[in-house]
Amino acid sequence: MRLQRLISLFVFVLFICNYGFTQNKTIRLYEGSAPGSESWDWNEEIMKMGPAEFSYNIVNPELIVFEAQAEIATGQAVIVCPGGGFHFLSMKNEGYDVAKWLNEKGITAFVLKYRTEHCFSDNPMQEFMQKQPNTDKFNKDIEPVVGMAIEDGKAAVAYVREHAADWNINTDKIGIMGFSAGGTVTAGVAFKYETKSRPDFAAPIYPYVGSFGNPPVPDDAPAIFIAAATDDTFGFQTHCTRLYNTWTEAGKSAELHVYRKGGHGFGMQKQNAPTDMWIDRFYEWLTNPD
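Since the structure is predicted, the reported quantities are computational estimates derived from the model, not experimental observations.

Regarding the sheet that holds strand β4 (residues 62-66)
With respect to topology, eight strands assemble into an open sheet ordered β1-β4-β7-β5-β8-β9-β10-β11, the strand pairing being mixed. The open sheet has two edge strands with one neighbour each: β1 (26-28) and β11 (254-259). Averaged over neighbouring strand pairs, the angle between their axes works out to 20 degrees when direction is ignored. Judged from the three bridges that link them, strand β9 (residues 201-205) and strand β10 (residues 223-229) form a sheet pairing that is parallel. Following the sheet pairing, Ile205 is matched in β10 by Ala227. Contacts from helix α5 (residues 181-192) reach β5 (77-81), β8 (174-179) and β9, with the element oriented near 145 degrees to β8.

Side note on helix α2 (residues 92-104)
At Val98, α2 shows its largest bend, some 25 degrees. Along α2, the residues that are buried comprise Asn93, Glu94, Gly95, Tyr96, Val98, Ala99, Trp101, Leu102 and Asn103. Residue Gly106 follows α2 closely and has a positive phi angle near 85 degrees.

Concerning the nonpolar core
Grouped together as the largest cluster of nonpolar side chains are 87 residues, with contacts concentrated most on Ile79, Ile205, Trp278 and Phe282. With eleven residues, the top contributor of residues to this core is helix α4 (residues 135-162). If near-sequence neighbours (up to four positions away) are discounted, Trp278 is found in contact with Met177, Phe179, Ile205, Phe225, Tyr259, Phe266, Gly267 and Met268.

Regarding the pattern of salt bridges
For the structure shown, the criterion picks out eleven salt bridges. Residue Asp97 pairs with Lys92 through a salt bridge whose shortest N-O separation is 3.0 Å. For Asp152, the salt bridge is made with Arg115, and the minimal N-O distance between the two is 2.8 Å. In this pair, Asp152 is assigned in helix α4 and Arg115 in the loop between β7 (108-113) and α3 (124-131), connecting sequence segments 37 residues apart. As far as the burial class goes, Asp152 and Arg115 line up, both buried.

Observations regarding the sheet that holds strand β2 (residues 45-49)
What the three strands build is an open sheet, ordered β2-β3-β6; its pairing is antiparallel. Across the chains shown, the open sheet's two edge strands, defined by having one partner strand only, are β2 and β6 (88-90). Within the sheet, the average angular offset between the axes of one strand and its neighbour, ignoring direction, is 25 degrees. The strands touched by α2 within the sheet are β3 (52-56) and β6, with β6 carrying the most contacts at an inclination of about 45 degrees.

As for the state of the cysteines
Under the counting rule described, the total for this entry stands at zero disulfides. With no disulfide partner, Cys81 has as its closest neighbouring cysteine sulfur the one in Cys240, 15 Å distant.

Quick word on the side chain of Asn57
Take Asn57: it is sitting in the loop between β3 and β4. Once you skip the residues sitting within four places of it in the chain, Asn57 turns out to touch Trp42, Asn43, Glu44, Glu45, Thr116, Glu117, His118 and Cys119.

As for the packing of α2 against helix α7 (residues 278-286)
For any two helices packed against each other, the geometry comes down to the angle between their axes and how far apart the axes lie. Orientation of α2 relative to α7, taken along the N-to-C sense of each, is 45 degrees, at an axis distance of 12 Å. By the angle between their directions, the pair α2 and α7 is classed as oblique. Here α2 runs over α7; the crossing is right-handed. The residues of α7 that touch α2, namely those facing Val98, Trp101 and Leu102, are Ile279, Asp280, Phe282 and Tyr283.

Concerning the packing of aromatic side chains
One pair of aromatic rings is described through two measures. These are the centre distance and the angle between the planes. Applying the stated criterion to the full structure yields 19 aromatic pairs. Ring centres of Phe110 and Trp167 lie 4.9 Å apart, and the angle between their planes is 75 degrees; this geometry places the pair in the edge-to-face category. Taken together, the positions of Phe110 in strand β7 and Trp167 in the loop between α4 and β8 put the pair 57 residues apart, joining distant regions of the chain. For the residue pair Phe110 and Trp167, the accessibility class agrees, reading buried in each case. Taken together, a centroid distance of 5.4 Å and an interplanar angle of 55 degrees make the contact between Tyr208 and Phe236 tilted.

Section: the environment of Asp280
Tracing the sequence through the fold places Asp280 in helix α7. Under the relative-accessibility criterion, Asp280 is labelled partly exposed at 21%. Along the sequence, Asp280 and Lys196 sit 84 residues apart, while their C-alpha atoms lie 29 Å from each other.

The rules we used
- Residues numbered from 1 in each chain as written.
- Predicted model: local features only at pLDDT ≥ 70, side-chain atom pairs only at ≥ 80, totals over all residues.
- Heavy atoms only, no water.
- Pairing = 2+ DSSP bridges.
- Helix = DSSP H or I, 4+ residues; strand = E, 2+ residues; numbered from the N terminus.
- Axes fitted to C-alpha atoms, helices over the stretch in contact; angles between N-to-C directions.
- Contact = heavy atoms within 4.5 Å.
- Bend = angle between axes of the 7 residues up to and from the residue.
- Buried < 20%, exposed > 50% of the residue type's maximum accessible area, 1.4 Å probe, protein only.
- Core = buried A, V, L, I, M, F, W, Y, C linked by side-chain atoms within 4.5 Å.
- Salt bridge = Lys/Arg side-chain N within 4 Å of Asp/Glu carboxyl O.
- Disulfide = S-S within 2.5 Å.
- Parallel < 35°, antiparallel > 145°, perpendicular 65-115°, else oblique.
- Left-handed = near helix turned anticlockwise from the far one by under 90°.
- Phe/Tyr/Trp six-rings, centres within 6.5 Å; stacked < 30°, edge-to-face > 60°.

Below, the structure is given as structure tokens:
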């Protein structure tokens, strides 16, 4: 009897292991090569640091689906764009953990792996930091990939809307959220969408917004939610206040939270800091529309 129970337990563990990695469907965003990067011939890589996971050298943009359980599904969807200075993507802290939290609230999430710079070592974080002292050159060098990443964000919104029925999503409840560089993508989409790629709401979290000029706020601009910390390492809190002012001066709906402490890249980290609760404020905003 004991042996039988052990065999049953072993079979159950195998079942969980086998399905734990496949329950989140991955969707390639483009058929064939992504437009503008057809000549890219390097391979995507993953770097792990403890529980953290970073993807880099992304050539083929993908959506990783975290579908809300039918019993609690709200019909809302959020495309989540991790950050990483366009050199890597912080997949866990600013991707998977966000998606899982949203799932618990009945919101279907799609983690977007957008295109990033080509890194030549196995440490994209180090490459990024080495380039940082020369900010002007850095911003000029990444300009092409920023444009591609924003196009990936737009394509993601359009894809989710086109296939909304597959996940019981309402076509007028599809938004986009991003962190740092992912916030740049999010803000870029909120400024530069076409009809099919218009997000119904946008949430750039500690974004850099100097990468795509100063386009006008669209006439039918979505409502935006912005969050950052006053002690942001890169000073992106000033980008957040500027974005908020730009939106409200255009007569559009915006909510801004600048917390006293939390640094840059707080994502879903619990630091015993004011930023620990930002996602609760986002949920309140999302469920209490204008």
